[in-house]
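Below, each chain spelled out in residue letters.
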Amino acid sequence: MRRGSDRALFVLAVGPTLDPVLEATLDLDATVAYLSRVRPFDAGGLRAAVGGTDVVLVEPYLAGTSAGEVSAALQDRPHRLLSLGVPLGEFRHYGTGAEHREAHGLDARGIRASIERFKSGRGLT
C-alpha cells in the first residue's frame, strides 16, 4: 500500500484495519502492506516486503492470531514483532464499531500510540 525506506517500520494491516493503519502511519517512515485475509499466509511476500527489523501486525480479531505465521516467515532474520488486536478477555460493554475499535486501541489514534511505545522501547503496558 505504501513503501518506506529500506529501514522503515513494517506494518501489516489485516482486513478492515487498513484505513486506521494508513492514518496512524501517515507521517512515519513506514512500509504498509495489506492482507484481505491471512490464510493461506503469504510468507514469501512478507519476506520480500520486510526491510527493517520492526514489524507491527494489526488484526481486527484476537491479538497475536497470526503472530506465529509472521515469526515463522522471518525466523532467520532478527526482528521485533508487535501484535495489535482485540485483547483476550470477557467484554460486557457493547457499542458501535468505532467505539469497539477505540476501546481496543484499533483506531488510528490507538494504533499510533502503540507504535510510538513500541519504537521507543517502552512496551505496551
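Conventions we followed
- Residues numbered from 1 in each chain as written.
- Predicted model: local features only at pLDDT ≥ 70, side-chain atom pairs only at ≥ 80, totals over all residues.
- Heavy atoms only, no water.
- Helix = DSSP H or I, 4+ residues; strand = E, 2+ residues; numbered from the N terminus.
- Rg over C-alpha atoms; globule rule 2.2 N^0.38 Å.
- Buried < 20%, exposed > 50% of the residue type's maximum accessible area, 1.4 Å probe, protein only.
- Contact = heavy atoms within 4.5 Å.
- Areas by Shrake-Rupley, 256 points an atom, 1.4 Å probe, with all protein chains shown as cover.
- Salt bridge = Lys/Arg side-chain N within 4 Å of Asp/Glu carboxyl O.
- Core = buried A, V, L, I, M, F, W, Y, C linked by side-chain atoms within 4.5 Å.
- Pairing = 2+ DSSP bridges.
- Axes fitted to C-alpha atoms, helices over the stretch in contact; angles between N-to-C directions.

**Some points on the overall build of the chain**
- The helix and strand tally for the chain stands at five helices and four strands.
- Its helices and strands taken in sequence order, the chain reads β-α-β-α-β-α-β-α-α from the N to the C terminus.
- Computed over C-alpha atoms, the radius of gyration of the chain comes to 14 Å, within 12% of the 14 Å expected from 2.2 N^0.38 for 125 residues, which places it in the range of a compact globule.
- Each principal axis of the C-alpha atoms in the chain carries an extent, and together these give about 40 × 30 × 25 Å.
- Going through the 125 residues of the chain one by one, you find that 39% of them count as buried.
- Contacts spanning at least 24 positions in sequence make up 64% of the contacts within the chain whose residues lie at least 6 apart.
- Surface exposure of the chain reaches about 7200 Å², of which carbon and sulfur atoms provide 53%.

**What to know about the pattern of salt bridges**
- A full pass over the atoms with the stated rule returns four salt bridges.
- In this structure, the salt-bridge partner of Asp76 is Arg47, at a minimum N-O distance of 2.8 Å. Pair noted here: Asp76 is in the loop between helix H3 (67–73) and strand S4 (80–86) and Arg47 is in helix H2 (residues 43–49), with a separation of 29 residues, a long-range link.
- Taking the relative accessible area as the measure of exposure, Arg47 reaches 28% and is therefore partly exposed.
- Taken together, the shared-partner salt bridges in this structure form one network comprising Asp27, Arg112 and Glu116.

**Things to note about the nonpolar core**
- Residues Leu9, Val11, Val21, Val56, Val58, Leu84 and Ile111 are the most contacted members of the largest nonpolar core, which totals 18 residues.
- Put simply, the parts of the chain that give this core at least two residues each are strand S1 (9–14), helix H1 (18–24), strand S2 (30–35), strand S3 (54–62), S4 and helix H5 (108–120).
- Per-element tally for this core: the top contributor is H5, with four residues.
- Residues within four places of Val21 in sequence aside, it is in contact with Val11, Ala13, Val32, Val58 and Ile111.

**With respect to the sheet that holds S4**
- Read across the open sheet, the four strands follow the order S2-S1-S3-S4; overall the sheet is parallel. Two strands in the sheet have a free side with no partner beyond their single neighbour: S2 and S4. Neighbour-to-neighbour, the strand axes of this sheet turn through a mean angle of 20°, independent of strand direction.
- Sheet topology places S3 next to S4; six bridges connect them, and they run parallel. Bridge pairing links Leu62 to Val86 in S4.
- Across the sheet, H5 touches S1, S3 and S4, and the angle it forms with S4 is around 155°.

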